[in-house]
Each structure stands twice: as structure tokens, then as C-alpha cells.
Amino acid sequence: MSNTVIDQSDYRTPVSRGLSWLSRQFALTGGLIMLALATMTVVSIIGRSTIGVAVEGDYELVELGLAAAVFLFLPECYLRQGHVVVDLFTAACRSSTLRVLEMISDLLFALVSFVLVWRLWIAGLESREYFEQTMILGMPLWWVFVVGVITMALTGVCAMNNLYSFFSGRKTQ
């Protein structure tokens, strides 16, 4: 495991603190969604096993809710460096090498995030244009793409902010 864990309190600029606050609010929203889904699932299982009636469309609601929640967790996970890091080859590297590798990973993360924003935007527009909806409840699917676009854009902005912090000397290991 890597020894470079950056606490969000290390960020010094107002933009960094704002991004940190916003990502935390997104993660809390994702947590509330997961709590609501867990409660609904318990109610559905108990209803199904006791009185023979389940929550209609519970599988659809869990599917859409989990998709939204996972997207909502991504910016906070990125800022806390919660993504998987394989440091088998970098364990013996100097800190300057690790710094360059981290800058490269931030750049790649930003690029991938913005490519996903672009593709999710197109997929969401097509989903709305073709009136895609769930089978049982008939809920439109395009709104999950909106959540994905917003959160991936925030993740990309956080990555760009990390790059800015590296180049301005505000972020240290």
C-alpha cells in the first residue's frame, strides 16, 4: 500500500476546499440513497415472506439507485485516494519519481473523466430521445446519466485541481 494518503484538510485554496465540500455532499447523498435502498429491500423481503406482497419494482429501484450512488461516491473516493493502487513496482521508488507518477495518474484520471462525461452525455441524450424506461415502473432512465455526467465532471475538475496544486507547489507528499 502507498504511504501517501492526503487528508482533505491539506487543501489550502478556496477552490480545493469547495471541491472537497461538494464531493463530501455528493458522497453523503450516495450514502442516503444506499440507506433508502437497503430499507426498501428489507421491507420488500419481509413483505414478500410474511404477507406475500413485495415492493413493486424493487429490483429496478435498486439497480437505478445503486448506479446513481456509485457515481456520487466517485469524487470523494478520488480526493481521498481511495482507488486501488498497485505499488509493487513503485515501493522502492524515490519520492520525486512517485510525484511524477502521481501527476501522470492525475492527468490520466482527468482525461478519462472528461471522456466519460462526453460519452455519458451522448448516452443520456439518446436515452431521453428514445424514451428508455424501466420495464415494471416505467421510470425514465436518462436521469441516471445526468447524475453520471455531473459527478464525472466533478471528478475531472478535482483531478485538474490536483494537477494545479502540484504545479503551483501547494500539494506536497
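Owing to the predicted nature of the structure, the values given are computational and were not obtained by experimental measurement.

> How should the nonpolar core be read in this particular structure?
Note on soluble globular proteins: their nonpolar side chains tend to be buried together. With eleven residues, the main nonpolar core is built from Leu-19, Phe-26, Ala-68, Leu-72, Tyr-78, Leu-79, Ala-110, Val-147, Leu-154, Cys-158 and Ala-159. Listing elements by their share of this core, those giving two or more residues are α1 (14-50), α2 (58-79) and α4 (142-168). When near neighbours in sequence (up to four residues on either side) are disregarded, Ala-68 contacts Trp-143, Val-144 and Val-147.

> Sorry, what's going on with a nonpolar patch on the surface here?
Taken together, the side chains of Leu-98, Val-100, Leu-101, Ile-104, Leu-107, Leu-108 and Leu-111 make up a nonpolar region of the molecular surface, amounting to roughly 580 Å² of accessible area. Residue placement: Val-100 occurs in helix α3 (residues 95-129).

> How should the packing of aromatic side chains be read in this particular structure?
Centre-to-centre distance and the angle between the planes together describe a pair of aromatic rings. Counting across every chain of the model gives one aromatic pair. Note on Tyr-78 and Phe-109: the rings are 4.5 Å apart at their centroids and 35 degrees apart in plane angle, and the pair reads as tilted. One end of the pair, Tyr-78, is in helix α2; the other, Phe-109, is in helix α3, and 31 residues separate them in sequence. Under the relative-accessibility criterion, Tyr-78 is labelled buried at 3%. Judged by its relative accessible area of 30%, Phe-109 falls in the partly exposed class. Lying across the ring of Trp-118, Arg-119 places its NZ or CZ 4.8 Å from the centre.

> Looking at this structure, I do not really get the packing of α1 against α2. What am I missing?
Angle between the axes and distance between the axes are the two parameters that describe a pair of packed helices. Closest axis-to-axis distance for the α1/α2 pair is 8 Å, and the angle between their directions is 155 degrees. Relative to α2, α1 is oriented roughly antiparallel. Crossing angle aside, the handedness with which α1 passes α2 is left-handed. Across the contact of α1 with α2, the residue classes break down as 16 nonpolar, eight polar and four charged.

> Help me out: how do you make sense of α3 in this one?
The α-helix advances 3.6 residues per turn, and as a result positions three or four apart in sequence lie on the same side. With 35 residues, α3 should reach 51 Å at 1.5 Å per residue; the first-to-last C-alpha distance of 50 Å fits that figure. Of all the residues in α3, the buried ones are Glu-102, Met-103, Asp-106, Ala-110, Ser-113, Val-117, Leu-120, Gly-124 and Ser-127. Elements that come into contact with the buried residues of α3 comprise α2 and α4. Looking one or two residues beyond α3, the residue adopting positive phi is Phe-131, at roughly 55 degrees.

> Where do I start with the pattern of salt bridges in this structure?
It is possible for side chains bearing opposite charge to pair when their charged atoms get close. As enumerated under the stated definition, the model contains two salt bridges in all. The closest approach of N and O atoms between Asp-58 and Arg-48, which form a salt bridge, is 3.0 Å. Taken together, the positions of Asp-58 in helix α2 and Arg-48 in helix α1 put the pair ten residues apart, joining distant regions of the chain. By relative accessible area, which is 39% here, Arg-48 ends up partly exposed. With its nearest N and O atoms 2.6 Å apart, the salt bridge here joins Glu-76 to Arg-80.

About the thresholds
Residues numbered from 1 in each chain as written. Predicted model: local features only at pLDDT ≥ 70, side-chain atom pairs only at ≥ 80, totals over all residues. Heavy atoms only, no water. Core = buried A, V, L, I, M, F, W, Y, C linked by side-chain atoms within 4.5 Å. Buried < 20%, exposed > 50% of the residue type's maximum accessible area, 1.4 Å probe, protein only. Helix = DSSP H or I, 4+ residues; strand = E, 2+ residues; numbered from the N terminus. Contact = heavy atoms within 4.5 Å. Patch = residues over 30% accessible without salt bridge, like charges linked within 9 Å, V, L, I, M, F, W, Y side chains within 5 Å. Areas by Shrake-Rupley, 256 points an atom, 1.4 Å probe, with all protein chains shown as cover. Salt bridge = Lys/Arg side-chain N within 4 Å of Asp/Glu carboxyl O. Phe/Tyr/Trp six-rings, centres within 6.5 Å; stacked < 30°, edge-to-face > 60°. Lys NZ or Arg CZ within 6 Å of the ring centre and 35° of its normal. Axes fitted to C-alpha atoms, helices over the stretch in contact; angles between N-to-C directions. Parallel < 35°, antiparallel > 145°, perpendicular 65-115°, else oblique. Left-handed = near helix turned anticlockwise from the far one by under 90°. Nonpolar A, V, L, I, M, F, W, Y, C, P; charged D, E, K, R; others polar. Expected span 1.5 Å × (residues − 1).

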